[in-house]
Amino acid sequence: MPTTYYDAILRIVTEGRLIVEHQGDTLDLPTFPNSKDCLSVLIGKTGIVQLVPESDYWRFVAYQDQSLRRVYELDHSDRIGWKNDSKGDRWTAPVCIVPGEYGAFIEDDTEEVTIAVPPEFFDLCDRLNTTPEQVLRAFVADAAEIINYVANPRADGYSSNGSDERRLADDYLNRVFFVE
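Residues numbered from 1 in each chain as written. Predicted model: local features only at pLDDT ≥ 70, side-chain atom pairs only at ≥ 80, totals over all residues. Heavy atoms only, no water.

S.K.: Looking at this structure, I do not really get unusual backbone geometry. What am I missing?
M.R.: Despite not being glycine, D7 has its phi angle at roughly 60°, a positive value. Structurally, D7 is set in strand β1 (residues 4-14). Looking at D7, the relative accessible area reads 18%, which means it is buried. Phi is positive for N129, close to 60°, though the residue is something other than glycine. We classify N129 as exposed; its relative accessible area is 71%. (Helix = DSSP H or I, 4+ residues; strand = E, 2+ residues; numbered from the N terminus. Buried < 20%, exposed > 50% of the residue type's maximum accessible area, 1.4 Å probe, protein only.)

In structure tokens:
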């Protein structure tokens, strides 16, 4: 059984169950208790149904662009095929995202940076129960004011943690580097 179904149509939401139509088949999948109220407004919408990692529950996420559909023959190792009304029938996007409104997305154009990190930083990360990469990615996203909108998702996965975090990162940088 796949862990993701694209182009699924949400048909029924009951307490703890999702009923979706996928390629002519009806799937009856377990979902989170109490999700009926949230999902009932999406009945009839097309989107993806995904198995939530490390659980037995499935979630439905409606496409932002309801004309969006998969084009499987365009798939290759790191990209998957799509079509929609605004971009046409033959385009691809990175495997890690579902395009947003009008098929919009931001390609991953990040550059790798390598730095030596002292053991105290690793100790800090251990105390926070996280990894150095997660801490640095979070700070970079907040400092650069990167917002990963659903309507225009980012393939690099960077996303600010909120407006307060962006403000505090800006304050920190201005204080340390005397930026005016």
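What follows continues from the structure just given.
S.K.: Honestly, the sheet that holds strand β6 (residues 69-70) in this entry has me stumped. Any pointers?
M.R.: Sheets are built from strands paired through backbone hydrogen bonds, the pairs being either parallel or antiparallel. Taking strand neighbours across the sheet as the criterion, the 3 strands line up as β6-β7-β8 in an open arrangement whose pairing is antiparallel. Looking along the sheet, the strands with just one partner apiece sit at the ends: β6 and β8 (88-94). (Pairing = 2+ DSSP bridges.)

S.K.: Explain a nonpolar patch on the surface here, please?
M.R.: A surface patch of nonpolar side chains, amounting to about 400 Å² of accessible area, comprises F139, Y172, V176 and F177. The greatest single-element share of the nonpolar patch, amounting to 3 residues, is contributed by helix α4 (residues 163-177). Here F177 is to be found in helix α4. (Patch = residues over 30% accessible without salt bridge, like charges linked within 9 Å, V, L, I, M, F, W, Y side chains within 5 Å. Areas by Shrake-Rupley, 256 points an atom, 1.4 Å probe, with all protein chains shown as cover. Salt bridge = Lys/Arg side-chain N within 4 Å of Asp/Glu carboxyl O.)

S.K.: Any chance you could explain the pairing of β1 here in plain terms?
M.R.: On a regular strand, each side chain points to the face opposite its neighbour's, so the side chains alternate between the two faces of the sheet. The pairing of β1 with strand β4 (residues 46-51) spans 4 bridges and is classified as antiparallel. Bridging across to β4, Y5 finds its partner in V49. Across 5 bridges, β1 lies against strand β2 (residues 17-22) in antiparallel orientation. Its bridge partner being in β2, I9 is matched across the sheet by E21. Linking β1 to β2, which pair antiparallel, is a turn of 2 residues; within it G16 sits at a positive phi near 85°.

S.K.: So what exactly am I meant to see when it comes to the packing of helix α3 (residues 132-143) against α4 here?
M.R.: To describe two helices that pack against each other, one gives the angle between their axes and the distance between the axes. At a minimum axis distance of 8 Å, the contact between α3 and α4 shows a crossing angle of 90°. Taken together, α3 and α4 sit at an angle that is classed as roughly perpendicular. Each of F139, D142 and A143 in α3 lies in contact with α4, whose residues at this interface are E165, R166, A169, Y172 and L173. Class assignment for the residues of the contact of α3 with α4 results in 5 nonpolar, no polar and 3 charged. (Axes fitted to C-alpha atoms, helices over the stretch in contact; angles between N-to-C directions. Parallel < 35°, antiparallel > 145°, perpendicular 65-115°, else oblique. Contact = heavy atoms within 4.5 Å. Nonpolar A, V, L, I, M, F, W, Y, C, P; charged D, E, K, R; others polar.)

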